[in-house]
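Chains, contacts and geometry: an overview
What follows is each chain in one-letter form.
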Amino acid sequence: MPQLITILILVFSAWWLYRRFVADARRLSEKSRRAEKERQTGAIGTLVKDPATGEYRLKREEE
């Protein structure tokens, strides 16, 4: 029984680390793609419209 619990913990940990790795890879890929597009167009940043105020602001990295 202790071996089964240990294996389950290891499998769950491996799955969690894999999911985190994939999420980080996607985020970095999107950031790289956005930076490349900005470099090609000569833009300084990406503007997004705030739905509450209607004003434009620079897009944050976590968005």
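About the criteria used
Residues numbered from 1 in each chain as written. Predicted model: local features only at pLDDT ≥ 70, side-chain atom pairs only at ≥ 80, totals over all residues. Heavy atoms only, no water. Salt bridge = Lys/Arg side-chain N within 4 Å of Asp/Glu carboxyl O. Helix = DSSP H or I, 4+ residues; strand = E, 2+ residues; numbered from the N terminus. Buried < 20%, exposed > 50% of the residue type's maximum accessible area, 1.4 Å probe, protein only. Phe/Tyr/Trp six-rings, centres within 6.5 Å; stacked < 30°, edge-to-face > 60°.

As enumerated under the stated definition, the model contains 3 salt bridges in all. Linking R39 and E36 is a salt bridge whose minimum nitrogen-to-oxygen distance equals 2.7 Å. With R39 and E36 both in helix α1 (residues 2–41) and 3 residues apart, this pair spans about one turn of that helix. Exposure remark for R39: the relative accessible area of 57% places this residue in the exposed category.

What follows deals with the packing of aromatic side chains. Under the criterion given, the structure shown has 1 aromatic pair. Seen in terms of ring centroids, F12 and W15 are 5.9 Å apart; in terms of plane orientation they differ by 35°. Their pairing is tilted. With F12 and W15 both in helix α1 and 3 residues apart, this pair spans about one turn of that helix.

Without other data, these values stay purely geometric and don't point to any function.
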